[in-house]
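# Summary of structural features
This is what each chain is made of:
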Amino acid sequence: MDIVQTEPQSNMPVSAELTPELTRARKSQGRLIFERFIRNKVAVAGFVFLVIMSALALLAPVITHQTAHFDPANHPNLDIALVGPSLAHPLGTDALGRDVLARLLFGARVSLEVGIFSMIVSLIFGLVIGSLAGYYGGWIDAVMMRITDAFLSTPLYLVLFVLSIAFNNGKVSTVVILIGVLSWASAARIVRSEFLSLKEREFLLAARTLGASDLRLMFAHILPNAAGPILVTVTLLIGNNIITESVLSFFGFGLQPPQASWGTMLNDSQSYFVTDPLLLYAPLLSIVLAVLSFNLMGDGLRDALDPYMTQR
Amino acid sequence: MGKLLEVKNLAVQFKTREGPIHAVNGVSFDINEGESIGVVGESGSGKSVTSLALMRLLPVPPAQILDSSSVLFEDKQLVDLEESEMRKIRGGQMAMIFQEPMTSLNPVLTIGRQLIEPIEIHLNLHGAEAEAHAASLLESVGIPDAKRRLGAYPHEFSGGMRQRVMIAMALSCRPKLLIADEPTTALDVTVQAQILELISSLRREFGTAVMLITHDLGVVAGTTDRVLVMYAGHIAEAGPTDELFANPRHPYTLGLLGAIPRLDDDRQGELATIPGSPPDLLNPPTGCPFQPRCAFAIDKCKQYPPSVSVGPGHQSACWVDVTEPAALERAKLKGFIPVGLVQHRGGGAQFASNATE
Amino acid sequence: MARYLIRRIVQSVVMMFVMSIIFFALIHLIPGGPTAVLFSPHLTKAARDNLTHVYGLDQPVYMQYLIWLGKFVRGDFGNSFVNGLTVSSEIFGRLPATLELLLSALAFALVFAILLGVTAAVRQYSLADYTTTVLAYVGISMPVFAFAIILQEVFGVKLGWLPTFSNQSPITDGFTPFDFFLDGLVHLILPTIALSLLFIAVWSRYLRSSMLDVVKQDYIRTARAKGLSSRLVFFRHALRNALIPLTTQVAIDVGGVFSGAVITETVFAWPGLGRLFYDSLEARDYPVLLAMLMISTASVIFFNLVADVLYSVLDPRIRYS
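The structure presented is a predicted model; accordingly, all values stated were derived computationally and were not measured.

### Re the overall build of chain B
Regarding its fold elements, chain B presents twelve helices and 13 strands. Per-residue burial over chain B gives 49% buried out of 357 residues. Counting only contacts in chain B whose residues sit at least 6 apart along the sequence, the fraction spanning at least 24 positions is 66%.

### So, the overall build of chain C
Tallying secondary structure elements over chain C gives 13 helices and zero strands in all. Considered along the principal axes of its C-alpha atoms, chain C spans approximately 85 × 55 × 35 Å. Relative to its full complement of 321 residues, chain C shows a buried share of 39%. Contacts spanning at least 24 positions in sequence make up 74% of the contacts within chain C whose residues lie at least 6 apart.

### Quick word on the pairing of strand β10 (residues 226–231) of chain B
Residue and element names in this part refer to chain B. Within β10, six of the six residues are buried, which leaves the element mostly enclosed by the surrounding structure. Here β10 shows no split at all, with R226, L228 and M230 on one side and V227, V229 and Y231 on the other all buried. Note that strand β3 (residues 36–40) and β10 share four bridges and pair parallel. Within β10, the residue paired with G38 across the bridge is V227.

### Structural notes on the environment of I31 of chain B
Residues and elements named next belong to chain B. The residue I31 is located in strand β2 (residues 19–32) in this model. The class of I31 is buried, set by 24 C-beta atoms lying within 10 Å. I31 sits 27 residues away from L4 along the chain, and the two C-alpha atoms are 5.7 Å apart. Beyond its immediate chain neighbours, meaning those up to four positions away, I31 contacts L4, L5, I37, L177, A209 and M211.

### Some words on the interface of chain B and chain C
Every contact between the two is made by 24 residues of chain B and, on the other side, 18 residues of chain C. Of all the secondary-structure elements, those providing two or more residues to the side of chain B that touches chain C are α2 (83–89), β7 (94–97) and α3 (111–123) of chain B. Element by element, the count of residues in the side of chain B that touches chain C is highest for α3 of chain B, at four residues. Within the side of chain B that touches chain C, the residues separate by chemical class into twelve nonpolar, seven polar and five charged.

### Description of the environment of S249 of chain A
Residue and element names in this part refer to chain A. Mapped onto the elements of the fold, S249 is located in helix α11 (residues 214–250). For S249, a count of 30 C-beta atoms within 10 Å gives the class buried. With 14 residues separating them in the primary sequence, S249 and G263 have C-alpha atoms 4.8 Å apart.

### Side note on the interface of chain C and chain A
At the interface, 35 residues of chain C touch 32 residues of chain A. Contributing elements (two or more residues each) for the side of chain C that touches chain A: α1 (2–28), α6 (127–141), α7 (144–158), α11 (257–267), α12 (273–283) and α13 (286–314) of chain C. The greatest single-element share of the side of chain C that touches chain A, amounting to seven residues, is contributed by α13 of chain C.

### Let's talk about the confidence of the model for chain C
Residues of chain C with pLDDT of at least 70 account for 95%, and the chain-wide mean is 83. Predicted complex, confidence summary: ipTM 0.82, pTM 0.78.

### Section: helix α5 (residues 100–136) of chain A
Residue and element names in this part refer to chain A. The terminal C-alpha atoms of α5, which comprises 37 residues, lie 52 Å apart, in line with the 54 Å expected from a rise of 1.5 Å per residue. Of all 37 residues making up α5, 26 are buried, and the element is well covered by its neighbours. Looking at the residues trailing α5, positive phi occurs at G137, about 65°.

### Looking at the packing of helix α5 (residues 87–122) of chain C against α6 of chain C
Residue and element names in this part refer to chain C. It is the contact of α5 with α6, at a shortest axis distance of 8 Å, that shows an interaxial angle of 130°. It follows that α5 is oblique to α6 by the angle criterion. Every pair of crossing elements has a handedness; the one defined by α5 and α6 is left-handed. From α5, L116, T119 and A120 reach across to α6, where they touch A128, D129 and T132.

### As for the pairing of β7 of chain B
Each regular strand shows side chains that alternate between the opposite faces of the sheet. Residues and elements named next belong to chain B. Along β7, one buried face is formed by M94 and M96 and the opposite face, lined by A95 and I97, is buried too. Alignment of β7 against strand β8 (residues 177–181), held across four bridges, turns out to be parallel. In the sheet register, M96 faces β8, and the bridge partner there is I179.

### Brief notes about the environment of Y130 of chain C
Within the fold, Y130 of chain C resides in helix α6. With 141 residues separating them in the primary sequence, Y130 of chain C and P271 of chain C have C-alpha atoms 37 Å apart.

### Some details on the sheet that holds strand β12 (residues 308–311) of chain B
Residues and elements named next belong to chain B. Here we have eight strands laid out as an open sheet, ordered β7-β8-β9-β3-β10-β11-β13-β12, and mixed in their pairing. Whereas interior strands pair on both sides, the edge strands pair on one side only; in this sheet they are β7 and β12. Shown here is a sheet whose adjacent strand axes are inclined to one another by a mean of 20°, direction ignored. Where β8 and strand β9 (residues 209–214) come together, five bridges link them in parallel fashion. Across the sheet, the residue bridging to I179 is M211, located in β9. Where helix α10 (residues 251–258) meets the sheet, it contacts β3, β10 and β11 (234–240), and its direction lies at approximately 100° from that of β10.

### Some thoughts on unusual backbone geometry
Residues and elements named next belong to chain B. For N9, which is not a glycine, the phi torsion comes out positive at approximately 55°. Within the secondary structure, N9 sits in strand β1 (residues 3–16). Owing to 13 C-beta atoms within 10 Å, N9 belongs among the partly exposed residues under this scheme. Here the phi dihedral of E182 falls at roughly 50°; this positive angle occurs in a residue that is not glycine.

### Some details on the confidence of the model for chain B
Low-pLDDT stretches of the model should not have their predicted coordinates read in fine detail. All names here are of chain B. Of all residues in chain B, 89% have pLDDT values of 70 or greater, and the mean over the chain is 78. Within the model, the stretch residues 267–271 combines pLDDT values under 50 with two contacts to residues more than four positions away or in other chains. In the model, residues 340–357 has pLDDT below 50 throughout and makes 27 contacts with residues more than four positions away in sequence or in other chains.

What counts, and where the lines are drawn
Residues numbered from 1 in each chain as written. Chains lettered and ligands numbered in written order. Predicted model: local features only at pLDDT ≥ 70, side-chain atom pairs only at ≥ 80, totals over all residues. Helix = DSSP H or I, 4+ residues; strand = E, 2+ residues; numbered from the N terminus. Buried ≥ 20, exposed ≤ 12 C-beta atoms within 10 Å, placed from the backbone. Contact = placed C-beta atoms within 7 Å. Pairing = 2+ DSSP bridges. Nonpolar A, V, L, I, M, F, W, Y, C, P; charged D, E, K, R; others polar. pLDDT = per-residue confidence, 0-100. Expected span 1.5 Å × (residues − 1). Axes fitted to C-alpha atoms, helices over the stretch in contact; angles between N-to-C directions. Parallel < 35°, antiparallel > 145°, perpendicular 65-115°, else oblique. Left-handed = near helix turned anticlockwise from the far one by under 90°.

Next up, the structure:
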């Protein structure tokens with residue numbers, strides 16, 4: 001077909017012979033991406049859900065009337081253990097008589113924290129390794145990529161279990177670092193391939209001729225242009241990390257009781273879910289919905305950034 | 001010679017999020033048996049869409065051939081023909097080759113397998129017989145050592161060789177009509193001439209009518225009997241090739257002819273170009289679609305011009321008579337450079353000669 | 001191709017060597033160590049020292065590594081700390097159960113993924129397409145263990161249709177061979193579904209999108225222009241091309257299936273390698289853990305190589321040099 005929608009790169013000189021399609025597309029890259037994202041209803045739904053969930057997680061102390069002497073997520077009361085939903089306990093109580101809703105809300109804080117902070121750890125590793133490899137190439141690239149390959153070929157859960165036994169003290173920060181350190185390889189690959197393709201572009205050559213330093217080139221010129229694909233990767237990474245945390249905690253290698261996280265709640269529910277399925281389904285549904293939202297949002301972002309994909 | 005193809009009022013739209021794109025807007029033309037016809041226009045003029053519509057190869061949706069369209073091929077109405085009937089025509093009586101020889105062949109199947117497919121379907125030849133036929137086809141398009149080459153994969157062939165394979169495939173069932181959509185655009189200049197020559201000689205040999213689609217006037221000049229000039233999904237001008245080159249009557253054709261770089265051109269300075277850009281087919285202008293870019297435009301151009309006869313077999317869809325001195329003077333004032341019209345009046349052979357090389 | 005293969009194999013061996021150092025170090029970082037976990041507190045000091053010596057734990061760590069490496073390259077994985085059996089025999093004892101589960105899950109996943117992916121691509125935007133999409137998203141967003149527990153809860157506990165633990169019934173008195181077969185089969189159902197969900201989700205999406213990619217290609221238009229029936233266009237021209245990337249993806253995923261198997265086997269108390277890993281972890285059974293880490297890493301590396309080779313076999317354009 002002769003009619004092709006083309007997207008001019010905002011930082012490239014715009015040719016004088018723009019067809020009307022092109023002129024329309026020039027509105028501004030950011031605005032266009034935003035418009036395309038907004039049109040994608042499921043991605044927006046995922047985003048809205050995440051906003052609501054984050055708000056609930058942030059407001060958890062207020063919602064559950066936390067005080068200095070009262071920890072609503074950790075207030076055992078064996079007299080009311082395994083009681084079904086009531087006004088006082090909308091989602092019932094667990095085997096120790098703790099309020100399930102309160103634990104769920106505080107668990108959301110922990111799961112989001114782990115998901116996001118371990119993503120940041122991965123991102124730092126991925127950025128450093130990927131940009132060095134992609135920008136400098138040669139033996140640096142070879143070494144960096146072998147390291148990345150090594151991390152890609154480790155069986156994630158097995159090594160994570162071993163590492164957890166070795167290092168884990170049940171603290172959130174430890175779990176964050178463990179997950180982050182083991183899951184940066186895919187991010188590094190994306191960063192590398194973006195750097196590889198961007199460093200040959202004209203605008204970079206121009207900046208180089210003007211005497212920009214390597215660091216400046218990497219962070220002021222290349223990185224902003226690689227932001228899209230990296231953003232997609234890290235969004236999907238957050239979802240994956242939430243799953244990883246739940247697996248670790250479920251098997252007892254992650255966060256430790258009485259810490260409330262969705263993973264530890266699932267672990268707690270193991271012996272009781274036959275009689276009290278809500279103990280299982282409440283944290284489970286939370287995990288699935290949160291991860292689903294991150295995945296939908298990530299895919300929505302990817303489609304918005306790449307108009308050729310959306311035409312499917 | 002009898003009429004092979006009769007297209008009347010062909011209109012094609014593409015549905016998009018922003019609204020329908022009017023790709024082809026009421027195109028009518030005929031092709032006679034054994035005739036060679038060129039379709040010329042810029043990208044986006046609807047020439048490729050027209051050819052794909054004839055073959056019913058457009059993806060439906062988003063494409064849609066409007067009900068008012070009529071495509072008679074050997075007195076068979078193709079627009080609403082059953083898909084199973086259409087398949088018998090495709091590749092059998094009407095074949096097509098495409099612009100991109102590099103991507104038009106399936107990378108994971110051998111040349112032989114792909115060449116034999118239409119032979120099996122349309123000629124009902126199988127096994128060794130089909131293979132022999134395929135090999136002889138490869139030889140006739142100038143690929144040596146054809147028998148062995150049948151086992152090769154497309155990536156082992158150069159672009160020109162692949163286009164030869166495409167031609168062999170298209171002609172394998174002796175079609176009545178061959179549609180060649182920019183067959184040489186993606187090829188090296190030297191190979192271009194060879195491929196065009198191949199198409200011409202095979203046309204003479206098989207008596208196949210050829211519809212040659214191109215944006216390159218030079219390609220049309222040496223190889224076709226008649227030319228259609230398309231603009232924004234309309235036929236702007238149509239006529240016998242020599243007549244149309246010698247005596248172009250549509251301002252758009254004038255522009256196109258001016259836009260051919262010529263070795264014998266003694267003008268200093270830059271190449272004549274047509275100012276402006278083709279119209280947005282989402283919101284086509286009312287009236288003549290060329291009018292916003294046209295130096296000859298007058299008030300009347302706000303209405304769509306009828307196609308009028310301006311010579312034997314020669315029609316132009318324009319309100320203005322560009323040969324009229326007053327019209328020409330007006331256009332010159334708006335920056336029109338009269339090349340090919342005034343200076344070379346009657347000298348169409350020049351175009352033809354430097355184009356066939 | 002041969003040269004490429006040799007280079008890749010050498011690279012893989014080097015990689016395995018480096019990984020073995022890392023894994024060895026890692027395992028010896030585990031606090032407590034086997035002495036604390038394994039030895040009865042009532043052992044005399046002499047007995048304790050003797051056992052420590054037998055296990056080689058009195059040597060410096062690098063010596064322990066070199067001893068281990070020397071045996072490893074000769075195919076000797078050492079002996080289990082827990083029961084003194086050779087690690088190889090432990091692993092071979094568990095292998096059949098794991099292979100049974102893996103093969104059944106992979107076959108199940110492959111069949112379903114291809115059916116779903118193809119249907120979704122052919123009937124784009126149909127109910128089947130949306131169903132596949134929803135299933136895929138849920139599959140990707142659901143932790144494997146959680147899905148396994150739901151299956152247990154619904155089909156095992158609530159409905160009572162299927163067994164939820166192990167690979168055979170605890171009491172098999174008077175079973176005919178056919179009964180054994182049937183018993184094995186019903187035990188296999190839930191773990192198979194649990195383990196294959198993620199693969200079905202990923203592969204069907206993958207096939208759908210590569211299928212949609214392929215049908216836009218010029219050669220598909222050429223095939224249609226030849227007058228081929230849509231079935232021929234589809235199966236001979238489109239599916240074949242679309243399956244190439246899927247094949248390599250499957251090979252890569254098969255290499256990494258072990259991680260998922262550990263989780264599934266643990267939840268279903270499946271007596272396979274995954275369960276062995278979990279138990280060895282609890283018991284700090286170093287030699288077994290090391291062997292398992294090495295084997296699963298080797299499997300990832302090996303199947304990555306398989307993926308590359310498969311790619312070049314399936315796509316005539318790819319030739320490694």
